[in-house]
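Summary of structural features
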Amino acid sequence: MADRSIQGGDGIDTFPFPVELSVGGVGMQVGPMGAGRTWHADAPLERVHRIDFHVVMLFGAGPVRHMVDFTEHEATAGDLLWIRPGQVHRFSRTGEYRGTALTMQPGFLPRSTVEATGLYRYDLPPLLRPDAAQLAGLQAALAQLRREYEDADTLPLSLHTAVLRHTLTAFLLRLAHLAARSAPALHRRTDSTFTLFRDAVERDFATNHSVSAYADALGYSRRTLVRAVRAATGETPKAFIDKRVVLEAKRLLAHTELPIGRVGAAVGFPDAANFSKFFHQHTDRTPAAFRAELR
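Residues numbered from 1 in each chain as written. Predicted model: local features only at pLDDT ≥ 70, side-chain atom pairs only at ≥ 80, totals over all residues. Heavy atoms only, no water.

Tallying secondary structure elements over the chain gives 10 helices and 11 strands in all. Sorting the 295 residues of the chain into buried and exposed places 46% on the buried side. When contacts within the chain are restricted to residue pairs at least 6 apart in sequence, those whose partners lie at least 24 apart make up 71%. (Helix = DSSP H or I, 4+ residues; strand = E, 2+ residues; numbered from the N terminus. Buried < 20%, exposed > 50% of the residue type's maximum accessible area, 1.4 Å probe, protein only. Contact = heavy atoms within 4.5 Å.)

What follows is the structure in structure tokens.
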């Protein structure tokens, strides 16, 4: 099968949602994980890559170690792993992936559902450990979603798709509730000010590192923005921006062959010396040393 990966300017392979492998060509898939199966036909499981869609894995066995953005997560039976678009990740070479995998295209759900379920809450942990009651509810919702997904003949495609959206929303609302409760206490308090700031940083971090510029663009005073970000994360807005810049720099250093100067330029530092100073300040390593550790 041809490799359908997209290699952008940053050089990291990004795999698109495989619509042609989905029942009826709808914007989601749900089915078993297991030996001889992959959730994306073109993505070598053991190679670091990005995806442009969501993956939720509910594990039926374990332990399995899975890397998401430089953090190794160990999942076992009853755990869920939620990987969001753009995150760099890698499947374990040795772990056996057993359970159910759900993938969904970003545009499959309406905007109101996206906001209600926090689909782009990158500040929330990817590994979720529900208690017995939460797990039972998630398993039942996912099983119903799988039944509706596989029953492509009972309803016309338009109604089948509508039912899938509603059933998927029910599952994601349960999942979002679990994710919010799994976050540290400070992360549970969010408001529209922080949400707008978070989205703006995700969009513009490569070119804008200024707290005042974000405040002006969003129509808030700097003081209001500081209060909102502290309440939601316990951090200053500047620390939040810098953390996102460092993450992207780590991704590029670890998983591309871009010269260090170009990595710096890609995250908003045209001067290589300034980038190296910034990176060392936040990681206690030079960009070259960080890259060497991972090769």
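Judged by pairing direction, the sheet is antiparallel, and its five strands sit side by side in the order S3-S10-S5-S8-S11 without closing on themselves. Every interior strand has two partners, whereas the edge strands, strand S3 (28–33) and strand S11 (127–128), have only one. When strand S8 (residues 80–83) meets S11, the two strands line up antiparallel, connected through two bridges. Counted as the bridge partner of Leu-80 is Leu-128 from S11. Its contacts with the sheet place helix H2 (residues 132–150) against S3, strand S5 (54–59), S8 and strand S10 (99–104), and it is angled at close to 115° to S3. The sheet strands contacting helix H3 (residues 157–182) are S3, S5, S8, S10 and S11, and the helix crosses S8 at an angle near 105°. (Pairing = 2+ DSSP bridges. Axes fitted to C-alpha atoms, helices over the stretch in contact; angles between N-to-C directions.)

This next bit is on the layout of surface pockets. Space inside the largest pocket adds up to approximately 880 Å³. Forming the walls of the largest pocket are 31 residues, and the residues nearest its centre are Tyr-122, Asp-123, Lys-243, Arg-244 and Leu-247. Elements represented by at least two residues in the lining of the largest pocket include exactly strand S7 (71–75), helix H4 (192–204) and helix H7 (237–255). It is H7 that provides the largest number of residues to the lining of the largest pocket, a total of nine residues. (1 Å grid on protein atoms, 1.4 Å probe; cavity = no way out; pocket = protein on both sides within 12 Å on 5 of 7 lines; lining within 4 Å. Points joined across faces, edges and corners; volume = space filled by probe spheres on them.)

On to the environment of Ala-132. As for its placement among the helices and strands, Ala-132 is situated in helix H2. When the C-alpha atoms of Ala-132 and Gly-78 are compared, they prove to be 8.7 Å apart, with 54 residues separating the residues in sequence.

Attention now goes to the pattern of salt bridges. Under the criterion given, the structure shown has 16 salt bridges. The partner of Glu-248 in a salt bridge is Arg-244, with the nearest N and O atoms 3.1 Å apart. Taken together, the residues Glu-248 and Arg-244, both in helix H7 and four residues apart, mark about one turn of the helix. Like Glu-248, the residue Arg-244 is buried in the burial classification. Note that Glu-248 and Arg-251 form a salt bridge whose closest N and O atoms lie 2.9 Å from each other. Here the residue Glu-248 and the residue Arg-251 both occupy positions in helix H7, the gap between them amounting to three residues, near one helical turn. On the accessibility criterion, Arg-251 (4% relative accessible area) is buried. (Salt bridge = Lys/Arg side-chain N within 4 Å of Asp/Glu carboxyl O.)

The next point concerns H2. Helix length check: H2, at 19 residues, gives a terminal C-alpha distance of 27 Å against a target of 27 Å (1.5 Å per residue), a fit within 8%. Among the residues of H2, Leu-135, Gly-137, Leu-138, Ala-141, Leu-142, Leu-145 and Tyr-149 are the ones counted as buried. On an axial view of H2, the arc spanned by its buried residues comes to 160°, and they lie on one face. With respect to the buried face of H2, the exposed residues turned more than 90 degrees away are Ala-132 and Ala-133. With a side-chain oxygen lying 3.2 Å from the backbone nitrogen of Ala-133, the N-terminal cap of H2 falls on Asp-131. (Expected span 1.5 Å × (residues − 1). Arc of directions from axis to C-beta. Polar contact = N/O pair within 3.5 Å; in protein donor to acceptor, adjacent residues only side chain to side chain.)

Our next topic: unusual backbone geometry. Residues Gly-62 and Pro-63 are joined by a peptide bond in cis, for which omega reads 5°. Looking at the secondary structure, you find Pro-63 in the loop between S5 and strand S6 (64–68). The backbone of Asp-69 sits at a positive phi, close to 50°, despite the residue not being glycine. With respect to the element layout, Asp-69 can be found in the loop between S6 and S7. Given a relative accessible area of 12%, Asp-69 falls into the buried group. Despite not being glycine, Asp-284 has its phi angle at roughly 60°, a positive value. Tracing the backbone shows Asp-284 in the loop between helix H9 (272–283) and helix H10 (287–293).

The next subject is the pairing of S6. Most of S6 sits inside the fold, with four of its five residues counted as buried. Between S6 and S7, which pair antiparallel one after the other, the connecting turn spans two residues, and Asp-69 there sits at a positive phi close to 50°. Bridge count for S6 against strand S9 (residues 88–90) is two bridges, and the pairing is antiparallel. If you follow Met-67 over to S9, its bridge partner there is Arg-90.

Note that every value here comes from positions in space, so none of it alone points to a role or purpose.
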